[in-house]
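Given next are the chains, with one letter for each unit.
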Amino acid sequence: MKKQDKIFILFLSLSFILISVILIENVYITLNPKTITLNIDVNKIKNDIKDAGLIPYDAKYWDIIKK
Amino acid sequence: MKKYKTLSIIFIIIFLSGFFWNLLKPCESLDLKKEIEACKIVLPEAENFSKKTGNPLHYKAFKFNNKTQKEDLIGLAFLTTDISPEISGYAGPIKVMVGIDIKGTINKIHIISHTETPSYMTTLNKFTAQFKSLDIKSKFKVGKNIDAISRATITSEAITRAVEKSFKSISKNILHLKITDTLDQKTSLDPNQISLPIILFIIASLAAILVNRGLRWIALAAGFIYFGLVKNTMLSIIHIANIGLLKIPKFNNAPILYILLILTGITCLLFGRIYCGNICPFGGLQEIIYKIFNIFRSKKFILTKKIDQHSKYLKYIIVFLTLIVSFILGNSNPAAIEPFLTFFKTNTSKLGFTFLTVVLIASSFYFRFWCVYLCPIGALTGLLSKISLFKIKLNDKCKGCKTCKEICPTNAIHLDKNQRPIIESSECIICNKCIKKCSEKALYWGKNKNEKTR
């Protein structure tokens, strides 16, 4: 096999592997979208409220929001 | 080649199967749990929510008042897709829950679901936070008081318009607040998005027919600047998947996409791969890289015929794979594999940049490496080119010198038993080098008359 052919097969194989990995990554992101989750540091907010001299009202849904 | 017929049939079967599967599958039942959770997110102070009722549809949010021992109405929550379903994002509807207080001020908005490109949505929380405290007198203008999500203008405008329209509708009809602005805002159509692509395709087609290489480079440069840098819009397998999934944006939201699809189809059916060879920004970039590196190279990298021919089938495998995965998931996001998305939109993962680097390096050795061996759009336009009205043809002046075969950069020219060149139209990018270099003027543009051409 010529040198050009070997280099070509190397590039092509690498490209196909990368395409496959990107495809799998995209499928994973589609099935587990990161963007929908909220990242709220509830304890930080409570501490900020306490620092302001107020009492944080413990609404029922802190636990759901934390998840 | 008979194999191209088989490939075309496979593509049609996959596309139609996916199309009808997504058309006929039962609609997703209302995910009430997700909606209630979203209500709690947009109105966290509420202790109780009513059922979704009213016109327009909304949830009422209540909080127990210790003094009166009754539940007070503290706000309303509503879905934009219930009130303004006609407004959708780039790739389909975006379900947004909006929470407002009884004075008509937005407390929070929360995106429940969308089908936009995930890599653009990483700053979604920052975008949605801008809607807090907007009221009926506020402006809802992307680019003015609302910063758009980077590279996702259509998505940003869709969310903004949907929130504004549904918010004002609820404020007017349920809270009975005075709304002076009109609720119906139509996006104005930019005529340049229609005229400029048409002009570009005309130049590219003329470059092909008149065998003018200068015009070809003008078209490639213009394509790189306009479609690549200015509009960041190139034909992608994502668009083909979205057509099959019936998730194409409305014409007013993305006229350039429609024009690109239509003109590519028309020029393919008339002349062949005009878009690939004379307009595609990424194709042009690869050609420039190859030409620059060729200056420093004494010998061209010539592949063995068998390896070259068999490798060209890889792009068809990529088409079929990406379409099948997209249709099964009912979402075109998995099909975002093309490196030009990374190059022109610069908003992607490290893996995407690695892949782009590999392709560009390979392009320095092998002419249009991505286009010839991997591009799914190249595969599809190639299949369509098999039935083009006009093709490069051979007359009797051919002396069998094989210059055209040696000069063809994509190895689209083979020799038959009589040593006469046959041009593989599915691989030909219409650079017209063969016509230019032929000393006998044996190659010419002519009408395809159902001859035994390949």
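Residues numbered from 1 in each chain as written. Chains lettered and ligands numbered in written order. Predicted model: local features only at pLDDT ≥ 70, side-chain atom pairs only at ≥ 80, totals over all residues. Heavy atoms only, no water.

With respect to the overall build of chain A
- When you go through chain A residue by residue, the secondary structure sums to 3 helices and 0 strands.
- Listing the helices and strands of chain A from first to last along the sequence gives α-α-α.
- Considering chain A as a whole, with its 67 residues, one finds that 31% of them fall into the buried category.
- Entry remark: accessible area of chain A is about 4,700 Å², with carbon and sulfur atoms responsible for 63%. (Helix = DSSP H or I, 4+ residues; strand = E, 2+ residues; numbered from the N terminus. Buried < 20%, exposed > 50% of the residue type's maximum accessible area, 1.4 Å probe, protein only. Areas by Shrake-Rupley, 256 points an atom, 1.4 Å probe, with all protein chains shown as cover.)

As for the packing of helix α6 (residues 192-209) of chain B against helix α9 (residues 255-270) of chain B
All names here are of chain B.
- At a minimum axis separation of 9 Å, α6 and α9 run at an interaxial angle of 25°. Judged by the inter-axis angle, α6 sits roughly parallel to α9. Crossing geometry of α6 relative to α9 is assigned as right-handed. Residues Q193, I194, P197, I198, F201 and S205 of α6 touch α9, and the partners they reach there are P255, I256, I259, L260, L263, T264 and T267.
- Class assignment for the residues of the contact of α6 with α9 results in 9 nonpolar, 4 polar and no charged. (Axes fitted to C-alpha atoms, helices over the stretch in contact; angles between N-to-C directions. Parallel < 35°, antiparallel > 145°, perpendicular 65-115°, else oblique. Left-handed = near helix turned anticlockwise from the far one by under 90°. Contact = heavy atoms within 4.5 Å. Nonpolar A, V, L, I, M, F, W, Y, C, P; charged D, E, K, R; others polar.)

Some details on the domain arrangement of chain B
- Domains assigned within chain B are domain 1 (31-173) and domain 2 (191-446).
- Between the C-alpha centres of domain 1 of chain B and domain 2 of chain B there is a distance of 43 Å. (Domains from an automatic or database assignment.)

Quick word on the interface of chain A and chain B
- Between chain A and chain B, the residue contacts involve 34 residues of the former and 51 residues of the latter.
- Interface area, chain A with chain B, both sides summed: about 3,700 Å², of which 75% is carbon and sulfur.
- Inspection of the region where chain A meets chain B yields 0 salt bridges.
- Seen at the junction of chain A and chain B, the total is 6 residue pairs in polar contact (both at pLDDT 80 or more).
- Every element with two or more residues in the side of chain A that touches chain B is listed here: α1 (3-31) and α3 (62-66) of chain A.
- Looking at the side of chain A that touches chain B element by element, the count peaks at 21 residues for α1 of chain A. (Buried area = accessible area lost by both parts, 1.4 Å probe. Salt bridge = Lys/Arg side-chain N within 4 Å of Asp/Glu carboxyl O. Polar contact = N/O pair within 3.5 Å; in protein donor to acceptor, adjacent residues only side chain to side chain.)

With respect to the packing of aromatic side chains
- In the structure shown here, the tally under the stated rule is 24 aromatic pairs over all chains.
- Residues F127 of chain B and F131 of chain B carry aromatic rings whose centres are separated by 5.5 Å and whose planes lie at 75° to one another, so their mutual orientation is edge-to-face. The same class applies to F127 of chain B and to F131 of chain B, which are both buried.
- Grouping aromatic residues by their ring pairs yields a cluster made of F8 and F11 of chain A together with F365, Y366, F369 and Y373 of chain B.
- Sitting over the ring of W217 of chain B, R216 of chain B keeps its end group 5.7 Å from the ring centre. (Phe/Tyr/Trp six-rings, centres within 6.5 Å; stacked < 30°, edge-to-face > 60°. Lys NZ or Arg CZ within 6 Å of the ring centre and 35° of its normal.)

Things to note about helix α8 (residues 237-244) of chain B
Residues and elements named next belong to chain B.
- The buried count for α8 comes to 7 of 8 residues, which makes it a mostly enclosed element.
- Considered for burial, the residues of α8 that qualify are I237, I238, H239, I240, A241, N242 and G244.
- Count one or two residues on from α8 and you reach L246, which has phi positive near 55°.

Structural notes on the pairing of strand β2 (residues 59-65) of chain B
Residues and elements named next belong to chain B.
- In the sheet, strand β1 (residues 48-49) pairs with β2 via 2 bridges, with the strands oriented antiparallel. What sits directly across from N48, in β2, is F62.
- As defined by bridge partners, β2 adjoins strand β3 (residues 70-79) across 7 bridges and the pair is classed as antiparallel. Across the sheet, F62 pairs through a bridge with L73, a residue of β3. (Pairing = 2+ DSSP bridges.)

Details of the environment of G104 of chain B
- With respect to the secondary-structure elements, G104 of chain B resides in the loop between β4 (95-101) and β5 (106-113).
- In this structure G104 of chain B touches L134, D135, I136, F167, L175 and L177 of chain B, once residues within four positions along its chain are discounted.

Observations regarding the pairing of β3 of chain B
All names here are of chain B.
- Linking β2 back to β3 in an antiparallel pair, the connection comprises 4 residues, with Q69 at a positive phi of about 60°.
- Inspection of the sheet shows β3 paired to β4 by 5 bridges, in the antiparallel sense. By the bridge assignment for β4, L76 is matched with I100.

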